[in-house]
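Per-entry structural report
Chain by chain, the residues run as shown.
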Amino acid sequence: MINFVLIAICIAAGMIFKSTKTIHPDAHKGINTWIIYLGLPAVSFKYLPKVDWSPEMLFPILSTVLIAFGSWTFMLIYSRIKNYSARSRSSLELASGYSNTSFIGFPLIAAFYGEQYLSIAIICDQTMFFMLSSMGIIAAVKGGSKSGKVSPVFILKRLFTFSPFLGCISALILSQFINLDFASPLFDKLAATVIPLALFSVGLQLKFGGWRKLIPQISTSLLYKLILAPIMILLLALIFGIKGDIAKISIFEAAMPTVVTASIIAEQFRLNTKLVNLIIGISISIGVVTSAIWFQIIELLF
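Being a predicted model, the structure only gives us computed values, none of them experimental.

**Quick notes on the pattern of salt bridges**
- Enumeration over the complete set of coordinates arrives at one salt bridge.
- Here Lys248 makes a salt bridge to Glu299, at a shortest N to O gap of 3.4 Å. With Lys248 in helix α12 (residues 244-254) and Glu299 in helix α14 (residues 273-301), this pair connects stretches of sequence that are 51 residues apart.
- Under the relative-accessibility criterion, Glu299 is labelled partly exposed at 34%.

**Things to note about the side chain of Asn272**
- Looking at the secondary structure, you find Asn272 in the loop between α13 (261-268) and α14.
- For Asn272, a relative accessible area of 17% puts it in the buried group.
- If near-sequence neighbours (up to four positions away) are discounted, Asn272 is found in contact with Arg87 and Ser91.

**A closer look at the packing of helix α4 (residues 86-96) against α14**
- Contact geometry of α4 with α14 gives a least axis separation of 9 Å together with a crossing angle of 25°. It follows that α4 is roughly parallel to α14 by the angle criterion. The element α4 and its partner α14 pack so that their crossing is right-handed. Contacts from Ser91, Leu92 and Ala95 in α4 reach Leu275, Val276 and Ile279 in α14.
- Among the residues forming the contact of α4 with α14, the class breakdown is five nonpolar, one polar and no charged.

Cut-offs applied
- Residues numbered from 1 in each chain as written.
- Predicted model: local features only at pLDDT ≥ 70, side-chain atom pairs only at ≥ 80, totals over all residues.
- Heavy atoms only, no water.
- Salt bridge = Lys/Arg side-chain N within 4 Å of Asp/Glu carboxyl O.
- Helix = DSSP H or I, 4+ residues; strand = E, 2+ residues; numbered from the N terminus.
- Buried < 20%, exposed > 50% of the residue type's maximum accessible area, 1.4 Å probe, protein only.
- Contact = heavy atoms within 4.5 Å.
- Axes fitted to C-alpha atoms, helices over the stretch in contact; angles between N-to-C directions.
- Parallel < 35°, antiparallel > 145°, perpendicular 65-115°, else oblique.
- Left-handed = near helix turned anticlockwise from the far one by under 90°.
- Nonpolar A, V, L, I, M, F, W, Y, C, P; charged D, E, K, R; others polar.

What follows is the structure, encoded as structure tokens:
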């Protein structure tokens, strides 16, 4: 409950500062710079070295990857039917394929299942973050270009100069050769700034004018993120006979609302930030209710 109060406070604070005009209109860009170049890489260094990789953890990894690719396929078909631009399609893909597996997911898992299951949730979270830093950036680069077409070389260049992606790779590699415990306090403090600043940035950019025109896109994104994505992982678990805690947590994490970092990427690559921010705010609000429903469904079937 405390986390949801903090969400409301951070977003509301951004909206209030924006409305009073006491803050520069582009202030969110400075905040986003901090998050991208310091906060998000710190998240990787905080969690990735502590992950206990094992064969059974392949399912939450596969689940997260499948949701990202599922969003790409679903939004490609939907956008072609609606004749949307590459920019709109990328915005929808970014807002629909990546779950808020930590700030929302972690406390809900602790509340519904217990803190001992956070080790599985961390796998989902870091896989999601890796996919967002790779596949998400590829989508953002393509959607942010004027022609909608970008050469593979340009995509790779943007990908390997994107600080969070480099943070993921560096944390995975360096942790195999160097004990990074000495820097844990620094990583903890930097990582702690990501969620409140990201939510504050969302509040600064949130605009409700003309939201009615975006209802079809918002509802389609929420349909995939909060309903179809967890159904897909549930069916995958049933088909392959995956049972127990790993199946439960993987499905539950798939049902989480949109990750707030999507707003940062959308703004940096000039996508439809208004649409993405509205999806984030609404999905978090509705996700509180749908997650409880999904808990009941998961417990009934598993």
